Structures are given as C-alpha cells and as structure tokens.
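Here's the letter readout for the chains.
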Amino acid sequence: MKGIVFTEFLDLVEKKFGLEMVDSIISGSQLESEGVYTAVGTYKFSEMLQLLKNLSENTGLSIDDLLLVYAEHFFSVLKISYPGLLATYKDPIEMLASIENHIHVEVRKIYPDAELPTFVVEEKTKNSLIMIYKSSRAMHHFGLGLMNKTFEHFNETATITLEKIKEDGTEVKFIVNKN
C-alpha cells in the first residue's frame, strides 16, 4: 500500500483525535515500519489494518465509519494535489464510471506499483450507475466516502447503496442514483 495512504491517515488522526492518539495507535501495533512512513514508500496493508483496528478500539467508532471519514479527508488531498484530474469531468456519474479506465491509469503513472481495487461498470445511465468493487482489502467504505465527496464536489447529491456480494466485503455492488 502506498505511503501517502498512511501519511494522510495519520494526519487525519492527529487533526481529529490529537497527537496522543497517533502515538497510541502506533505503539499499540506491531508495525514492521515502526510507524515511520513516507508518502512515496510502500508498506504492508496489514499495518493499515492494525492502525484502523487500534483507532476503532480507542474511539469506539467502527472501522467502516473511520474509512468513510478518512475518504472524505483523502478526497480533499486529491482535490488539492490533482486539480486537473477533477477538472476533466463535468458530471459525477461520468467521473465515477471512469475510475478504472482513466483515474486508475493516471494513478499508476505516478505510482506504478500501486495495488488498486477494480471497479467494473455493470450499468450506466445519465442519472445512475451500478459498479462492482473488487479488492482483497475490503475497503469499500473508503470507496463509498470518495463517491460521496465526488457528488459534493459537483454540488450534486445521490443515494449510494452498497450490497455485499461476498460477505467479507472483497466484492461489493455500488448502486448510485442521482437525487
């Protein structure tokens, strides 16, 4: 997993819960990296799982809820760091439908060894989208948070439903309907 995901996560934890919480979740984990991350480094996903689990235990918030909050933070990072990418699109449905064939292609140019989830568009209309998310990491709530922020970015709203295809969350159907 790319280091920017870790550095931004710890930045969010510090902003929302304080530096003591950052220290607590790092010290409460068995991290090969010892909790030292660089944005361009690559780290094991198991480290992110430990940090999320410890943050959940310390805050009483579910991992899914933490991933939603983190996605909202991460979207703002993307908005600042890659404004040209967002400016390419005029509509949130178009943007979401292009995750696999455009956005992830651009991410791989910057981070060639990035392990990204797969999004398969099953159905698309002007006001709706059905996509299948596949990832061994089961971070579908992170994806949900990014989708929510995408609609907010375009000053639109949507109802986004997720249905687990696989109980472990490694395969999820997103049903998106503009309001």
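See above for the structure.
Residues numbered from 1 in each chain as written. Predicted model: local features only at pLDDT ≥ 70, side-chain atom pairs only at ≥ 80, totals over all residues. Heavy atoms only, no water.

**Looking at unusual backbone geometry**
Then comes step 1: Located in the positive-phi region is E34, a residue other than glycine, with phi close to 65°.
Then comes step 2: Along the polypeptide, E34 turns up in the loop between helix 2 (19-27) and helix 3 (45-59).
Then comes step 3: Residue E34 is classed as exposed on the basis of its relative accessible area of 66%.
Then comes step 4: For N155, which is not a glycine, the phi torsion comes out positive at approximately 55°.
Then comes step 5: Along the chain, N155 falls in the loop between helix 8 (140-153) and strand 3 (158-164). (Helix = DSSP H or I, 4+ residues; strand = E, 2+ residues; numbered from the N terminus. Buried < 20%, exposed > 50% of the residue type's maximum accessible area, 1.4 Å probe, protein only.)

**Points about helix 3**
Then comes step 1: When the terminal C-alpha atoms of helix 3 are compared, their 21 Å separation across 15 residues agrees well with the 21 Å that a helix rising 1.5 Å per residue should span.
Then comes step 2: Those residues of helix 3 not exposed but buried are F45, E47, M48, L51, L52, N54, L55 and S56.
Then comes step 3: Buried residues along helix 3 sit against helix 1 (3-17), helix 2 and helix 4 (63-81).
Then comes step 4: Among the residues trailing helix 3, G60 stands out with phi positive, at a value near 80°. (Expected span 1.5 Å × (residues − 1). Contact = heavy atoms within 4.5 Å.)

Distances and angles like these do not, on their own, reveal function.
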